[in-house]
Amino acid sequence: MNKVIERTMIVPNMHLLEIETPEIASKIKPGQFIIVRANDEGERIPLSVADWNSEKGTITIVFMEVGASTGALACLQAGDELATCVGPLGNETQIANYGTVLCIGGCYGIGSIYPVARALKEAGNQIITVLEARSSYLLYWVKKFATLSNKIFNITRDGSLGMKGHINRLTEIINSLPKPPDRIIVNGCTYLMAHASELTRELGITTLVNLNPIMIDGTGMCGVCRVTVADQRKFACVDGPEFNGHEVDWKEFLARRKAYMNEETLFFRKSAPKPAVHKEGKCQA
Amino acid sequence: MNDEKNPEKQSKIDLNRRDMPKQSPEMRSHNFNEVALGYTLEDALGEAKRCLQCKKPRCVTGCPVEIDIPGFISCIVRKDFSAGIKKIKEKNCLPAVCGRVCPQESQCESQCILKNKGAEVAIGRLERFLADWGASAGKADLPPKAKPSGKKVAIVGSGPAGITVAGDLILLGHEVTIFEALHKAGGVLVYGIPEFRLPKAIVAREVEYVKSLGVKVFTDYVVGKTRSIDELLKDFDAIFIGTGAGLPWFLDIPGENLNGVYSANEYLTRMNLMKGYLFPNSATPIKNHKKVAVVGGGNVAMDSARTALRMGADEAHIVYRRSHAELPARLEESENAEEEGVIFDMLTLPVRYIGDENGWLKEIECIKMELGEPDASGRRTPVEIPNSNFRIEMDAAICAVGNSPNPLVPSTTPGLDTTRRGTLVADQETGKTTRDCVWAGGDIVTGAATVILAMGAGRKAARSIHEYLTTGKQ
Ligand SMILES: Cc1cc2nc3c(=O)[nH]c(=O)nc-3n(C[C@H](O)[C@H](O)[C@H](O)COP(=O)(O)OP(=O)(O)OC[C@H]3O[C@@H](n4cnc5c(N)ncnc54)[C@H](O)[C@@H]3O)c2cc1C
Ligand SMILES: Cc1cc2nc3c(=O)[nH]c(=O)nc-3n(C[C@H](O)[C@H](O)[C@H](O)COP(=O)(O)OP(=O)(O)OC[C@H]3O[C@@H](n4cnc5c(N)ncnc54)[C@H](O)[C@@H]3O)c2cc1C
Ligand code: SF4
Ligand code: SF4
Ligand code: FES
């Protein structure tokens, strides 16, 4: 159960993980997530799905190594087993023919926006893709996106590929299009989603974000994932994770995500007696 | 001969209810070991001998699963413990759990004939004594199983309701599979009730027991997500839903999403299921809060406050809108809490949480209450005293004001009716829901209740499911 088929580092610090889990693979839809524990003592962490193969019975995750739990995932090898892999959780992205949809991915969100873009394409939409990273060497799956996008924009902080800057270039991108997109979907780090929502609010374009609050159970039991959306309390794991970015209380959201920062650093230090070194995509710990 | 005219017989009535040894409050408020240590052999014999072996035992009427109480007590007197534990297990498959957490004072013990002398027999403690004896005596022989019926039953949720149904149906020859959303089986017994009140090893033992009977347990499996009830019905002949009441309520007051404000479910799950109390030697982080307010007055509130003290809080307060007399928690637990140093702020209701510049809880604004007229439940309604607002400094608040059923299963199962409170509609006697081949019981039907009531409902449902599987009649 939950056998690791592949785990590779696709760009520095960003890993692809393919897991054999037939029931989830036969059910999962774009925008949904799973919860995993790398081992029996591990914390439960939520991860969005980036791809799947229902015939092979596998799902694919793209994750960034940021702390202890993702660090443990980064040490997995083909053949290992995850202690927990539960899902599909959360609601799927509403797929319909909206006309033109602008899909924005940054960080792990480049992975998780991919199945969203693919399904929207299949539903007849024109897809415009915006990929964002610090530098060109951190961008991945650009070719995969090329095959389904009508147009791709890359933004890099250092200008090594595409436009130089960050998501603040979004307004320019939208203005360069023959007509504004009918809908925008953003996946990735909180800052990317919050900023993009701020920019598109003024343009009046519906913008959906895939929120990533702290979670435990993922079934609506603990309430740690609560977010304020349109002045109402929502549980991201069951009411989301996708919400209208213009309605999210971002200030509260950012504060809640940072709740355990000090403790996480402490555990990371304690749990990492020998730092894991990654060479050629393999963990050398 | 009439007892009153027989001073000798009357003097034989021993009114000395044996106390159970406990860890001292100073000691236990700093560790997570079990508070109550259990009867010694001597205590148990002394207590058992006090039972009058009534011909018409009233105590039995107070037990939701009708355990033969004088029967098992007389086994203790005879020191035939294995017969005693068998007697209990005829009716209750989780005696080590019930002996610890049943609200005995309002159930079996409240009906004991010696109650009016202020010395009811300590039935729960004796039940625990036998269960613990049974566990330490090693593996008992497995009970005989009926021959395979070829029928398959799926059980959704591994709380006391689900475990009871599984244990009953497997012995009747059916194939039983439990699906549990979390990564450990046991329901509230593992993720809610703390280690110091119900050691997790005991719950694990009970789960292992049903597994040893042949019950298959799939954890990390969310019914309604991984598979729906309708999909399960393609592979199973009958389904029992025992998903509990896991959806936490909040007060709906400003500031409730500040950091440092938790639902009791989150706080207790971090501690129990995720072993947060071992942090930083466990992976799931937990804050060291110094001043903690727990809002509510039930068992869940007491568990949260006592856990906070053990985590090193200088002060843990119970903030409750009614008075001491209305506390819904078990008496034993509120007394334990008080002994350990939990502070009770009665007739107090939070109206606003106030945060610091980083979004962390700093203060709670409360209002004073007084008791008005009795409401429908007979309890006096708390009424706000105008202009009595005041603030208390707190760096954490734990909201323990109740739970309702999780809508995940009902909302993904067409034809499964719910009440306005979100509970499933099910027949009281059989647990039959409004869907063919689907039964339900426990907190999902009653709303948050007790372990023994969940087990009782499980037992009735198991009987009805068995009848359906053998006769085809629903
Ligand atoms: C619905 C959802 C989908 C997600 N999808 C992905 C994904 O596809 N790829 C990916 O790399 N990351 C994803 N995340 C974020 C991922 O869960 C966190 O990066 C991970 O939990 C960090 O764990 P850690 O122990 O390695 O780091 P930590 O040291 O624990 O924390 C590092 C950072 O992660 C945040 N974090 C910690 N615990 C959690 C938690 N239980 N849930 C969410 N955030 C947390 C903290 O706020 C902190 O800023 C997703 C989160 C959610 C809620
Ligand atoms: C902190 C606390 C203290 C308590 N103290 C006491 C006490 O002292 N005495 C007492 O008698 N009672 C006490 N109770 C109440 C008692 O624990 C419950 O009444 C009892 O556990 C209910 O049993 P259940 O089987 O109906 O549900 P639960 O024990 O809630 O179990 C339900 C199970 O179903 C699982 N589940 C939910 N949804 C799904 C799904 N979609 N798919 C798969 N699985 C699912 C859940 O994860 C859970 O494991 C306490 C409760 C709490 C929270
Ligand atoms: S199961 Fe509970 S109510 Fe019944 S005898 Fe035991 S302690 Fe009493
Ligand atoms: S009512 Fe009390 S004294 Fe009588 S049988 Fe029951 S426990 Fe014993
Ligand atoms: S993660 Fe617990 S309620 Fe959403």
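(A) Summary view of the domain arrangement of chain A. All names here are of chain A. Domain annotation of chain A identifies domain 1 (3–90) and domain 2 (100–257). Of the residues lining the interface, 21 residues belong to domain 1; the matching set on domain 2 comes to 24 residues. Between domain 1 and domain 2 the total buried area reaches about 1800 Å² when both faces are included, carbon and sulfur atoms providing 67% of it. Seen at the junction of domain 1 and domain 2, the total is two salt bridges.

(B) Representation of the site of ligand 3. Around ligand 3, the structure places 13 residues, and the nearest of them are C63, C102, Q107, C108 and E127 of chain B. Here the shell around ligand 3 is composed, by residue class, of nine nonpolar, three polar and one charged.

(C) Looking closely at the packing of aromatic side chains. One pass over the structure, following the stated rule, counts 13 aromatic pairs over all chains. With a centroid separation of 5.5 Å and an interplanar angle of 75°, the aromatic rings of Y114 of chain A and W141 of chain A are classed as edge-to-face. Here Y114 of chain A is found in helix α3 (residues 109–122), whereas its partner W141 of chain A is found in the loop between β8 (126–133) and α4 (142–148), with 27 residues between them in sequence. For the pair Y114 of chain A and W141 of chain A, a shared accessibility class is recorded, and that class is buried. Ring geometry for F179 of chain B against Y221 of chain B: centres 4.5 Å apart, planes inclined by 45°, an arrangement best described as tilted. Here F179 of chain B, found in strand β2 (residues 175–179), pairs with Y221 of chain B, found in the loop between β3 (216–218) and α13 (229–235); they are 42 residues apart in sequence, far enough to count as distant. Through a chain of ring-to-ring contacts, three or more aromatic side chains come together here, namely Y114, Y140, W141 and F145 of chain A. Across from the ring centre of Y98 of chain A, 3.8 Å away, lies the NZ or CZ of R183 of chain A, which sits over that ring.

(D) Just the sheet that holds strand β7 (residues 291–295) of chain B, in detail. Residues and elements named next belong to chain B. With respect to topology, five strands assemble into an open sheet ordered β6-β14-β7-β8-β9, the strand pairing being parallel. With one partner strand each, in any of the chains shown, β6 (261–263) and β9 (343–345) form the two edges of the open sheet. Sheet twist, expressed as the average angle between the axes of neighbouring strands with direction ignored, equals 25°. Note that strand β8 (residues 315–319) and β9 share three bridges and pair parallel. Across the sheet, residue H317 finds its bridge partner in β9, namely I343.

(E) Region of the structure containing the environment of L233 of chain B. All names here are of chain B. Within the element layout of this structure, L233 appears in helix α13. Along the sequence, L233 and A154 sit 79 residues apart, while their C-alpha atoms lie 8.5 Å from each other. Among all residues touching L233, those that are not within four sequence positions of it are I239, R435, D436, C437 and V438.

(F) Highlighting the interface of chain B and chain A. Chain B puts 42 residues into the contact, and the matching count from chain A is 41 residues. Of the roughly 3500 Å² buried between chain B and chain A on both sides combined, carbon and sulfur atoms contribute 54%. The salt bridge partner of E256 of chain B is R233 of chain A, with a shortest N-O separation of 3.4 Å. Remark: the boundary between chain B and chain A carries 19 residue pairs in polar contact (both at pLDDT 80 or more).

(G) Quick peek at the packing of helix α15 (residues 299–310) of chain B against helix α16 (residues 331–340) of chain B. Residues and elements named next belong to chain B. Look at α15 against α16: their axes get within 10 Å of each other, and the N-to-C directions meet at 25°. Taken together, the axis directions place α15 and α16 in an arrangement best described as roughly parallel. At the point where α15 passes α16, the crossing takes the left-handed sense. In this structure, α15 contributes N299, M302, R306, L309 and R310 to the contact, and α16 contributes E333, S334, N336, A337 and E340. Taken together, the residues of the contact of α15 with α16 break down into three nonpolar, three polar and four charged.

What counts and what doesn't
Residues numbered from 1 in each chain as written. Chains lettered and ligands numbered in written order. Predicted model: local features only at pLDDT ≥ 70, side-chain atom pairs only at ≥ 80, totals over all residues. Heavy atoms only, no water. Domains from an automatic or database assignment. Contact = heavy atoms within 4.5 Å. Buried area = accessible area lost by both parts, 1.4 Å probe. Salt bridge = Lys/Arg side-chain N within 4 Å of Asp/Glu carboxyl O. Near = heavy atom within 4 Å. Nonpolar A, V, L, I, M, F, W, Y, C, P; charged D, E, K, R; others polar. Phe/Tyr/Trp six-rings, centres within 6.5 Å; stacked < 30°, edge-to-face > 60°. Helix = DSSP H or I, 4+ residues; strand = E, 2+ residues; numbered from the N terminus. Buried < 20%, exposed > 50% of the residue type's maximum accessible area, 1.4 Å probe, protein only. Lys NZ or Arg CZ within 6 Å of the ring centre and 35° of its normal. Pairing = 2+ DSSP bridges. Axes fitted to C-alpha atoms, helices over the stretch in contact; angles between N-to-C directions. Polar contact = N/O pair within 3.5 Å; in protein donor to acceptor, adjacent residues only side chain to side chain. Parallel < 35°, antiparallel > 145°, perpendicular 65-115°, else oblique. Left-handed = near helix turned anticlockwise from the far one by under 90°.

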